[in-house]
Amino acid sequence: MKRGMTRREFVRMAGTTAAGIAFFSSRATNAQAAQTGKKRIVIHTERQVTSLGYHNRRDTEHVSMADAGLVGQNPATLERVPVLAEELPSVKKGTWKIDPQKKTMITVYKLRPRLKWHDGKPYTSKDFEFGWQIAKHPDFPMPDRLVPELISKIETPDDRTIVIHWKELYNEAYAVQYTHVRAFPRHLLQEAFNAGDMKAFASLPFWNKNFVGAGPYRVVEWDAGNRMELEAFKDFALGRPKIDRVSVRVVDDSNTNLAAVLAGEVDFCMRSTISFDGAMILRNQWEKEGKGKVFISPASWSWLSLSRDNPWFSDLRLRRALMVAIDREAMAQNMFRGERLVSHFPLSRIRKSFKKALSTATIYKYNPDQAKRLLAEAGWKPGPDGVMVNEKGERLEFEFRCQAGRRDHEQAEAIIADYWKKIGILTNIKNLPNRLLNSAQNRNRWPGAYIGSHNVTVEEWSERFHTRNIPASENKFALENVSGWNDARKDAILDELNSITTPQRSEQLQLEFIKMFSEALPVFPLYYSPEILVAKKGLTGITPRQESGGQNSSTWNMARWDKT
């Protein structure tokens, strides 16, 4: 939505737009509903995907419908649960062996009996080993090789046993999920993989319209990533799904999605399909009428990053001045209708360390007078027109970017620009569509300030903040430490966090990291981005994510969803 909507506007819009929804849904809806006794749901998403594999444009929500890993994760509690594996490896049972001297490990996973691929062929341990070979191939476009490269070898003594040898101590070795390493069917892909042309291999239709996985649903139709039709897989490891057919449609206009909810044309709206304003309208009208449920959870994190290439921003005094010049409490309450969503660091509220982190971290409260003092200390003084200048005569003026069309970021950008203007700092707003932000010339870099977002998963801090993950030309600017935060002590904390630690030590390390983060201020914490799910009355089993990230999916337990 481009702006907030009144209730009257919403009702009028819904009446006129519902007819537009019908043209792409009614024909399929009527045809499928004609199958007596079949349960069917329609899901809307705004994310077009091109792959259900490791690579290209993919989404964890889509993948977990059609495929499964050894282990899954409850997105509300973060509990790890066995899926294709019978149980999690355990030190007590001898299936997780740790050599503290050599700093190596072995984990043993036992597959559930009689596993099958969607085409009915047996799913074996050799398929998992094959999936690892794909993931670690240097020419395959694997976005994150952390786990594949930590593995030295995989042994498969029989069709159900997977023995993973680890080069290093890794605290997630007992819970390998499909985002880390997963199996792929050798009988369909081995020949193409052995041919050695990874570009051709990565472009095979197998990865989308011909996908064969081991998840609760199998792909029966694929329309260029705009529509995906799925049917229940009767041989799924955890039992046949209760819902027979799932239609997934890409609808990227939030007004259209609102109309579809009101018209009863959709059973479930995934994240980002409904705007926050739309969620408030639905909560105050549709939900109160008993027509469904609106879920709002602070699952991800929005931040502001200053250019790592501009020498101005290497001065901590300037960064802190810019930070305390922003009234984040007022901004968040204005944007999110009183919801308390201000964040102070990249840690989820559901983590056990969160409350201690609040007392450990430096908290930057709104203080424009302090901002002016810090600017003066950093050598910035008001010029003739009130704009700050330094001793070189340079004006404190820079470009300000966010993703064009992302409403909450555009709102925050306008508010922050106004706060900065009040203390003599000018910005030039130049927002770009996502395709340009991720283009070769712009990816993970900007000349001034940028508002972005990502998850707050502790297990992925290393990807976001480790020095080895600073974007640079040699890695095609694909890595994610966008601030360029370079600190050896911080890196040591992150390395130990990813190693084998006790829960108590892990919490201590998290607190040390948060303390360093809040003092160094590599990026500005703004607010927790609300993730919105909408479920029609009668759809049960929905679990809203409390943390975003590839390991967490609201469709993680889709085999247990039901429609009454």
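For the structure, check the block above.
About the criteria used
Residues numbered from 1 in each chain as written. Predicted model: local features only at pLDDT ≥ 70, side-chain atom pairs only at ≥ 80, totals over all residues. Heavy atoms only, no water. Helix = DSSP H or I, 4+ residues; strand = E, 2+ residues; numbered from the N terminus. Rg over C-alpha atoms; globule rule 2.2 N^0.38 Å. Buried < 20%, exposed > 50% of the residue type's maximum accessible area, 1.4 Å probe, protein only. Contact = heavy atoms within 4.5 Å. Areas by Shrake-Rupley, 256 points an atom, 1.4 Å probe, with all protein chains shown as cover. Lys, Arg positive; Asp, Glu negative; His and termini not counted. Charge placed at Lys NZ, Arg CZ, Asp CG, Glu CD. Patch = residues over 30% accessible without salt bridge, like charges linked within 9 Å, V, L, I, M, F, W, Y side chains within 5 Å. Salt bridge = Lys/Arg side-chain N within 4 Å of Asp/Glu carboxyl O. Pairing = 2+ DSSP bridges. Core = buried A, V, L, I, M, F, W, Y, C linked by side-chain atoms within 4.5 Å. Axes fitted to C-alpha atoms, helices over the stretch in contact; angles between N-to-C directions. Arc of directions from axis to C-beta. Left-handed = near helix turned anticlockwise from the far one by under 90°. Nonpolar A, V, L, I, M, F, W, Y, C, P; charged D, E, K, R; others polar. Polar contact = N/O pair within 3.5 Å; in protein donor to acceptor, adjacent residues only side chain to side chain.

Here we come to the overall build of the protein chain. Each helix and strand counted, the protein chain has 17 helices and 20 strands in total. What you see for the protein chain is a C-alpha radius of gyration of 25 Å, in line with the 24 Å of a compact globule of 564 residues. Its C-alpha atoms give the protein chain principal-axis dimensions of about 75 × 70 × 45 Å. Expressed as a percentage of its 564 residues, the buried residues of the protein chain come to 55%. Look at the contacts in the protein chain between residues 6 or more apart in sequence, and 71% of them connect residues 24 or more apart. For the protein chain, the accessible surface area stands at approximately 24400 Å², while carbon and sulfur atoms represent 48% of it. The distance from the centre of the 84 positive side-chain charges to the centre of the 66 negative ones in the protein chain is 3 Å.

A word on a nonpolar patch on the surface. A contiguous nonpolar patch, built from Val91, Ile98 and Ile500 and spanning about 220 Å² of accessible area, is present on the exposed surface. Tracing the backbone through its elements, the reader meets Ile500 in the loop between helix H16 (488–497) and helix H17 (503–520).

Tallying each qualifying case throughout the model produces 44 salt bridges. Here Arg395 makes a salt bridge to Glu397, at a shortest N to O gap of 3.4 Å. Accessibility expressed as a relative area gives 29% for Glu397, which makes it partly exposed. Each of Arg218, Glu221, Arg227, Glu229, Glu231 and Arg245 takes part in a single network of salt bridges with overlapping partners.

Another point: the pairing of strand S5 (residues 104–110). Along S5, the buried face is formed by Met105, Thr107 and Tyr109; none of Thr104, Ile106, Val108 and Lys110, which line the opposite face, is buried. Linking strand S4 (residues 96–99) back to S5 in an antiparallel pair, the connection comprises four residues, with Lys103 at a positive phi of about 60°. With six bridges connecting them, S5 and strand S7 (residues 161–166) associate as antiparallel partners. The residue of S7 that forms the bridge with Lys110 is Thr161.

The next thing to look at is the nonpolar core. With 84 residues, the main nonpolar core has Leu304 and Trp420 as its most contacted residues. Setting aside residues no more than four positions away along its own chain, Trp420 makes contact with Leu304, Leu322, Ala325, Ile326, Phe398, Phe400, Ile425, Thr427, Ala449 and Phe524. Within the second largest apolar cluster, 75 residues are counted, among which are Tyr123, Trp132, Val181 and Phe201.

Across the sheet, which stays open at both edges, the ten strands sit in the order S8-S9-S10-S1-S11-S18-S12-S17-S15-S16 with mixed pairing between neighbours. The open sheet terminates on both sides in strands that have one partner only, identified here as strand S8 (217–223) and strand S16 (426–429). Looking at chain direction, strand S15 (residues 397–401) and strand S17 (residues 449–455) are connected through two bridges and run parallel. Paired with Phe400 across the two strands is Ala449, which belongs to S17. Set on the sheet, helix H8 (residues 276–287) makes contact with strand S12 (292–306) and strand S18 (524–536); between it and S12 the angle comes to about 165°.

A word on helix H12 (residues 368–377). Taken residue by residue, H12 has Ala371, Leu374 and Leu375 as its buried positions. The buried residues of H12 all sit within an arc of 100° when viewed along its axis, so they share a single face. Elements that come into contact with the buried residues of H12 comprise helix H9 (316–324) and strand S14 (388–389). Where H12 terminates, the next one or two residues include Gly379, which has phi positive at roughly 95°.

This part is about the packing of helix H10 (residues 328–335) against helix H13 (residues 407–422). Across the interface, H10 lies against H13 with an axial gap of 11 Å and an inter-helix angle of 145°. For the element pair H10 and H13, the recorded crossing hand is right-handed. Every residue of H13 that contacts H10 at Ala330, Met331, Asn334 and Met335 is listed here: Asp408, Gln411, Ala412, Ile415, Ile416 and Tyr419. Grouping the constituent residues of the contact of H10 with H13 by class yields seven nonpolar, two polar and one charged.

Here the focus is the side chain of Gln510. Inspection of the secondary structure puts Gln510 in helix H17. Here Gln510 falls in the buried class, since its relative accessible area comes to 9%. Only 2.7 Å separates the side chain of Gln510 from the side chain of Ser353, close enough to count as a polar contact. Here Gln510 is in contact with Leu347, Ser353, Val458, Trp461 and Leu497, once residues within four sequence places are set aside.

An order of S4-S5-S7-S6 is seen for the four strands of this open sheet, with the pairing classed as antiparallel. Of all the strands in the sheet, the pair left with one neighbour each is S4 and strand S6 (151–158). Along the sheet, successive strands turn relative to each other by an average axial angle of 15°, direction set aside. Sheet topology places S4 next to S5; four bridges connect them, and they run antiparallel. Among the inter-strand pairings, Ile98 is bridged to a residue of S5, identified as Met105. Contacts from helix H3 (residues 125–136) reach S6 and S7, with the element oriented near 165° to S6.

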